[in-house]
Amino acid sequence: MTLEQQRQAVVDWAPELADLTPGRTGNLSVRDGDAFAVTPTGVPYDGFDAADVPVVDLAGEQLAGEMKPSSEVPMHRHLYRFLDTGAVVHTHSTWSTTMSVLHEPLPPVHYMIVAVGREVPVAEYAPYGTEELARNIVDAMDEADSRACFIENHGLVVTGEDLPSAVENTGHVENLSQVYLQAKENGEPQALSDEQLAVVEEKFESYGQ
């Protein structure tokens, strides 16, 4: 993916955040080599074009773009530096943020969780936009071998091989969080076993066209 393709991908996919997070509180990025294109800070998701999209290197230096990058650049930068991923989506979506306020991981109550791993862990709280928070997120995802995590009293972050998969998986986690929380209101949610999850993971290897 070229630099211009990266920036256009951010323009194309940013409006998806409007359905996932309130106001202008979400952000997303896509990587190419040692740099990534990221949504600008404090701008409506349909309020910028490709030339505005900031490009930042893995050291945190802005290389291109007419606008300032997201305040969560440290989060994106650490995920690209320390985990094998091609895109990042961060939201304050309602059900996932509820999980984050409860400081509760999402167990494997439905087979679609394997889109991101076998659970969604919780990263320890730190002020937004900080290196400390970025480290906490990487540590939580790495320890759980998950492509998503909740952030205590904050929200959700999801990674993927590209922006379409990262956005899709964000929707999966949000939906499963709602299912889990509603199930708890009516009884005790039952988790799938490791053996059951392993079967799903194998089937997913050949899923789709």
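Residues numbered from 1 in each chain as written. Predicted model: local features only at pLDDT ≥ 70, side-chain atom pairs only at ≥ 80, totals over all residues. Heavy atoms only, no water.

Teacher, can you tell me more about the layout of surface pockets here?
Space inside the largest pocket adds up to approximately 500 Å³. Around the largest pocket, the lining is made up of 17 residues, and of these Ala115, Arg147, Ser165, Asn169 and Phe204 lie nearest the centre. Elements that contribute at least two residues to the lining of the largest pocket include exactly β8 (155-160), α5 (163-184) and α6 (194-204). Per-element accounting of the lining of the largest pocket gives the leading share, 5 residues, to α5. Estimates place the volume of the second largest pocket at around 270 Å³. For the second largest pocket, the lining is made up of 22 residues, of which Arg24, Thr25, Asn27, Ser71 and Glu72 are closest to its centre. (1 Å grid on protein atoms, 1.4 Å probe; cavity = no way out; pocket = protein on both sides within 12 Å on 5 of 7 lines; lining within 4 Å. Points joined across faces, edges and corners; volume = space filled by probe spheres on them. Helix = DSSP H or I, 4+ residues; strand = E, 2+ residues; numbered from the N terminus.)

When you look at the sheet that holds strand β5 (residues 87-91) in this model, what are you seeing that I'm missing?
Within a beta sheet, neighbouring strands are joined by backbone hydrogen bonds and run either parallel or antiparallel to one another. The strand order across the open sheet built from 8 strands is β4-β3-β2-β1-β5-β8-β7-β6, with neighbouring strands paired in mixed fashion. Strand pairing shows two members of the sheet lacking a second neighbour, β4 (62-64) and β6 (122-123), which therefore form its edges. The pairing of strand β1 (residues 27-32) with strand β2 (residues 35-38) spans 4 bridges and is classified as antiparallel. The residue of β2 that forms the bridge with Asp32 is Ala35. In the packing of helix α1 (residues 3-13) onto the sheet, the strands contacted are β1, β2, β3 (55-57) and β4, and the crossing angle to β1 comes to about 160°. (Pairing = 2+ DSSP bridges. Contact = heavy atoms within 4.5 Å. Axes fitted to C-alpha atoms, helices over the stretch in contact; angles between N-to-C directions.)

I tried to follow helix α3 (residues 94-102) on my own but got confused; where do I start?
The periodicity of an α-helix, 3.6 residues per turn, causes residues three or four places apart in sequence to face the same way. Every buried residue of α3 is listed here: Ser96, Thr97, Met99 and Ser100. Angularly, the buried residues of α3 cover 150° about the axis, an arc narrow enough to put them on a single face. Along its buried surface, α3 packs onto β7 (148-151), β8 and α5. Backbone geometry just after α3 places His103 at a positive phi near 55°. (Buried < 20%, exposed > 50% of the residue type's maximum accessible area, 1.4 Å probe, protein only. Arc of directions from axis to C-beta.)

Sorry if this is basic, but what is going on with the side chain of Ser70 here?
Take Ser70: it is sitting in the loop between β4 and α2 (73-82). Reaching out from Ser70, the side chain makes a polar contact with the backbone nitrogen of Glu72 at a distance of 3.0 Å. The residues contacting Ser70, other than those within four sequence positions of it, are Asn27, Val38, Thr39, Pro40 and Thr41. (Polar contact = N/O pair within 3.5 Å; in protein donor to acceptor, adjacent residues only side chain to side chain.)

What is the right way to look at the packing of aromatic side chains in this model?
The description of an aromatic ring pair uses the distance of the two centres, along with the angle that the planes make with each other. The full count for this structure, using the stated rule, is 2 aromatic pairs. A ring pair is formed by Phe36 and Tyr80, whose centres lie 5.1 Å apart and whose planes are at 40°; its orientation type is tilted. Taken together, the residues Phe36 in strand β2 and Tyr80 in helix α2 connect sequence positions 44 residues apart. Taken as a pair, Phe36 and Tyr80 share a single burial class, namely buried. Aromatic pair Tyr111 and Phe204: ring centres 6.5 Å apart, planes at 85°, arrangement edge-to-face. One end of the pair, Tyr111, is in the loop between α3 and β6; the other, Phe204, is in helix α6, with 93 residues separating them in the sequence. For Tyr111, a relative accessible area of 42% translates into the label partly exposed. (Phe/Tyr/Trp six-rings, centres within 6.5 Å; stacked < 30°, edge-to-face > 60°.)

Function cannot be inferred from these measures alone, as they are strictly geometric.
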